[in-house]
Amino acid sequence: MTHSPDGPEPIVNFRIVKEFSGFTLDCEARFTSGVTAVFGRSGSGKTTLLNCLAGMVRPDDGHIEIMGRPVYNSRGNSPGGKSPGGKSRRATHLPPERRRIGYVFQDGMLFPHMSVGANIDYGHALVAPERRILRPDDVIELLELGPLVGRPVNGLSGGEAQRVALARALAASPELLLLDEPLSSLDAVMRGVIIRYLKRIWAELRIPMVLVSHSLSEVMALAEDTLVLSAGKTVAQGPPARVLGDPAVGTMADYPALENLIEAEIVQPTEGSRSGLVLVGEATLQAPDVYGRAGERVMVSIRASDIIIATGKPSGLSARNVVPARLTELDAVSGRTLAYFDVGARLVAEITDVSVQELGLRPGSDVYLIMKSNSVQVLNQERT
Amino acid sequence: MSSELSLLGLSLQVAVVATVMNLIPALAVSWLLVKRRMPGGFILDLLVSLPLALPPVAIGFFLLLLLGREGPFGRASQAIFGSDIVFTWFAAAIAAAIVSFPLMTRSIMVAMAGVDQRLELSARTLGAGPWRVFLTITVPLAYRGILAGLLLGFVRALSEFGATIVVAGNISGRTETLPLAVYSNILLGKDGQALKLIAITIGLAVISLAVHNWLLSRGGRREVNG
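None of the values given here were measured: they were computed from a predicted structure. (Residues numbered from 1 in each chain as written. Chains lettered and ligands numbered in written order. Predicted model: local features only at pLDDT ≥ 70, side-chain atom pairs only at ≥ 80, totals over all residues.)

A. Layout of the overall build of chain A. Scanning chain A for helices and strands turns up nine helices and 21 strands. Taking 384 residues into account, the globule formula puts the C-alpha radius of gyration at 21 Å, and chain A, at 22 Å, falls close to it. With the C-alpha coordinates aligned to their principal axes, the bounding extent of chain A is approximately 75 × 50 × 35 Å. A buried classification covers 46% of the 384 residues belonging to chain A. Within chain A, residue pairs in contact and separated by at least 24 positions form 68% of the contacts whose partners lie at least 6 positions apart. (Helix = DSSP H or I, 4+ residues; strand = E, 2+ residues; numbered from the N terminus. Rg over C-alpha atoms; globule rule 2.2 N^0.38 Å. Buried ≥ 20, exposed ≤ 12 C-beta atoms within 10 Å, placed from the backbone. Contact = placed C-beta atoms within 7 Å.)

Okay, structure coming up:
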């Protein structure tokens, strides 16, 4: 995936001006990555931006192209004024049903008068046969919804409802998936599970997505590109790690709460009082609650502030996990530093500037990362 | 007894026809006011409620002007069917429809407002146009409230008096509904007969309102399922 502004075909290209409740959303961007996150505090305009892309809200001015197709234009000229002739003078504003998008609300918004299966079929049935790229069965298999298909929707858990909502959107063969805070109403474990499914949607179906989030951890876990909004304006855009170190973002981010949400493989499930083992990159980590089968892939959460750094191999520690790692990058933001490490996967740790100086840390330094086994939380459905 | 049965029959006929006439306009107006925030919507909102605030006798008079021999609709009816509208059971149904429209529409508006807009937007993003969303999402999710609104309108149509007597008269066997017959009996001093008819009216109203309340309580207590 390229982040170059001159990349061949942007997934979404827009300029949107929309005045709403007190301030104006005024931003312009090209999304070229498979998964783009729109990050910002509540009230920053990120959901309004998503709703403009979906056609639920009509901008006051600007233009929007999705996969090269103009879906909104305030003036009716072709995008960017490239057509000097100006074929059509009429403003364009395609309704949501003609934008070929899938939209997933924060709490699923399943149709309560239909079964899980009928929800998934709803959009599929409305797509012209020649435009169908996915069958409901494929989606049900991908999201492992088989056992739920005949069930009514009102008995589903939050995570199940969110998976059905994803399946329903995908079954309509969208060209772009728009997700509004898809994880924020879920508990930590479910969040991990849904993140894995979202990653799988991009990896296996190649349906690009734009997701709105106020959680840096989610953005880091999922997105290749991030648009940061504050009070309706773009403050930064780029890969999450780069954006994370942006001073403008530093004031918004809650770094101590930052989690590494990474995929791992179960090496050995927890048995009785014995900790389980998971493989994160090349590092085998002990964790207390490893439920599942050996070889199964799961999401693991490690808080950035729970990682301790040592320049030499420590001894006599109660912490169970001591992992050799190479420091790849340092980002100093408002008195704190985010240090990125390579352990075969990328981990971020949050440390003070003083520690950085006293330990003489610089990119390339070989260090040991120390984590208590309790800091390694395995996010798996089968947890009991 | 046979006169009571024919009174009851005519009253039901008038009220049912009035309710059926109102169904589509009430759904359309509710949808426009609740789901489409159209410019000038407040004027439509006001118009919908107006018959509730006017004396029915005034509505009857307006109808007389419109439907009467000299009125535009009266003339059209003469030209097309060769007959009058006024002083027929159909005029009674029109009067009942107009007077019961606000109650029916306001109930349906409440029911539609209870359908989360995000459900409708979800359906839109899945490829459904506004019409399909209305039929497959809005109406099924609001149907209890819509039925309740229909019943409320039906009850109001059954008890309609003021506008009806002006535009349909009080012609025994042709336009005389239960409330009009009650009035006639009172004028004639037949209190016993009047009370008997009132009892029938109360019976109908109690049954309809009981069903109305049941629909709303069931609809409110849990989400529609399956």
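B. Spotlight on the interface of chain B and chain A. Contact residues are listed per partner, giving 18 residues for chain B and 22 residues for chain A. For the side of chain B that touches chain A, the elements supplying multiple residues, two or more each, are α6 (117–125) and α7 (130–158) of chain B. Ranked by residues supplied to the side of chain B that touches chain A, first place goes to α6 of chain B with seven residues. Taken together, the residues that form the side of chain B that touches chain A break down as nine nonpolar, six polar and three charged. (Nonpolar A, V, L, I, M, F, W, Y, C, P; charged D, E, K, R; others polar.)

C. Region of interest: unusual backbone geometry. Residue and element names in this part refer to chain A. Unlike most non-glycine residues, Met 109 shows phi in positive territory, near 50°. With respect to the element layout, Met 109 can be found in the loop between β7 (101–104) and α2 (116–124). One non-glycine residue, Glu 144, lies in the positive phi region at around 55°. Tracing the backbone shows Glu 144 in the loop between α3 (136–142) and α4 (158–171). What makes Glu 144 partly exposed here is the crowd of 14 C-beta atoms within 10 Å.

D. Molecular detail of the sheet that holds strand β17 (residues 321–333) of chain A. Residues and elements named next belong to chain A. Here we have five strands laid out as an open sheet, ordered β16-β20-β17-β18-β19, and antiparallel in their pairing. Where the open sheet ends on each side, the last strands, each with one partner, are β16 (308–310) and β19 (346–352). Pairwise comparison of adjacent strand axes, ignoring direction, gives a mean angle of 45° for this sheet. The sheet contact formed by β16 and strand β20 (residues 366–371) spans three bridges and is antiparallel. Following the sheet pairing, Ile 309 is matched in β20 by Leu 369. (Pairing = 2+ DSSP bridges. Axes fitted to C-alpha atoms, helices over the stretch in contact; angles between N-to-C directions.)

E. Geometry of the environment of Ala 97 of chain B. Residues and elements named next belong to chain B. Looking at the element boundaries, Ala 97 is found in helix α5 (residues 89–113). Overall, the presence of 26 C-beta atoms within 10 Å leaves Ala 97 in the buried class. Dropping the residues within four chain positions of it, Ala 97 is found in contact with Ala 18, Met 21, Asn 22 and Ala 157.

F. View of the pairing of strand β13 (residues 276–280) of chain A. Residue and element names in this part refer to chain A. Among the five residues of β13, four are classified as buried, and the element is accordingly described as predominantly covered. Bridge analysis of strand β12 (residues 259–268) against β13 gives three bridges, and the strand direction is antiparallel. Bridging from a neighbouring strand, Ile 266 pairs with Val 278 of β13. Here five bridges tie β13 to strand β14 (residues 283–287), and the two strands are oriented antiparallel to one another. Bridge pairing links Val 278 to Leu 285 in β14. Remark: two residues form the turn of the hairpin made by β13 and β14, two consecutive strands paired antiparallel; Gly 281 in that turn has positive phi of roughly 60°.

G. Local environment of the packing of α5 of chain B against α7 of chain B. Residue and element names in this part refer to chain B. In contact at an axis separation of 8 Å, α5 and α7 are set at 155° when each is read in the N-to-C sense. Relative to α7, α5 is oriented roughly antiparallel. Seen from above, α5 lies across α7 with right-handed handedness. Within the contact between the two elements, α5 uses Ala 96, Ala 97, Val 99, Ser 100, Leu 103, Met 104, Ser 107, Ile 108, Val 110, Ala 111 and Met 112 and α7 uses Thr 138, Ala 142, Gly 145, Ile 146, Ala 148, Gly 149, Leu 150, Leu 152, Gly 153, Arg 156 and Ala 157. Class assignment of the residues belonging to the contact of α5 with α7 gives a composition of 15 nonpolar, six polar and one charged. (Parallel < 35°, antiparallel > 145°, perpendicular 65-115°, else oblique. Left-handed = near helix turned anticlockwise from the far one by under 90°.)

H. Here's a closer look at the environment of Met 56 of chain A. Within the secondary structure, Met 56 of chain A sits in the loop between α1 (46–54) and β4 (61–66). Measuring from C-alpha to C-alpha, the distance between Met 56 of chain A and Leu 126 of chain A comes to 19 Å, with 70 residues separating the pair along the chain. Ignoring sequence-local partners within four residues, the contact set of Met 56 of chain A consists of Asn 51 and Pro 96 of chain A together with Leu 121 of chain B.

I. Here's a closer look at the confidence of the model for chain A. Residue and element names in this part refer to chain A. For chain A, the average pLDDT comes to 88, and 92% of its residues sit at 70 or higher. Scored below 50 in pLDDT, residues 1–5 makes twelve contacts in the model with residues more than four places away or belonging to other chains. Below pLDDT 50 for its whole length, residues 78–86 participates in nine contacts with residues either more than four positions away or in separate chains. (pLDDT = per-residue confidence, 0-100.)

J. Looking closely at the nonpolar core. Val 300 of chain A together with Ala 95 of chain B are the most contacted members of the largest nonpolar core, which totals 177 residues. Those residues in contact with Ala 95 of chain B that sit more than four places away from it in its chain are Gly 60, Leu 63, Glu 160, Ala 163, Thr 164, Val 167 and Ala 168 of chain B. (Core = buried A, V, L, I, M, F, W, Y, C linked by C-beta atoms within 7 Å.)

K. Representation of the sheet that holds β13 of chain A in the model. Residue and element names in this part refer to chain A. Spatially, five strands are ordered β14-β13-β12-β15-β21 in an open sheet, and the strand pairing comes out antiparallel. The open sheet has two edge strands, β14 and β21 (377–379), and neither has a second partner. Direction aside, neighbouring strands of the sheet carry axes that sit 45° apart on average. Two elements, strand β15 (residues 297–303) and β21, share three bridges in a ladder whose sense is antiparallel. Residue Met 299 lies in a different strand from β21, and its bridge partner there is Leu 379.

L. Highlighting the packing of helix α3 (residues 56–67) of chain B against α5 of chain B. Residues and elements named next belong to chain B. α5 packs onto α3 with a crossing angle of 130° between their chain directions and a minimal axis gap of 10 Å. For the element pair α3 / α5, the angle class is oblique. As α3 runs across α5, the sense of the crossing is right-handed. Taking contact as the criterion, the partners of Pro 56, Ile 59, Gly 60, Leu 63 and Leu 67 in α3 are, on α5, Ala 91, Ile 94, Ala 95, Ile 98 and Val 99.

M. The arrangement of the pairing of strand β9 (residues 209–213) of chain A in detail. Residues and elements named next belong to chain A. Counting buried residues along β9, five of its five residues qualify, which places the element largely inside the surrounding structure. Here β9 shows two buried faces, one formed by Met 209, Leu 211 and Ser 213 and the other by Val 210 and Val 212. Inspection of the sheet shows strand β3 (residues 35–39) paired to β9 by five bridges, in the parallel sense. What sits directly across from Ala 37, in β9, is Leu 211. Judged from the four bridges that link them, strand β8 (residues 176–180) and β9 form a sheet pairing that is parallel. Across the sheet, the residue bridging to Leu 178 is Val 210, located in β9. The parallel pair β8 and β9, bridged by helix α5 (residues 188–205), forms a crossover whose chirality is right-handed. (Right-handed = clockwise from strand over helix to strand, strands pointing away.)

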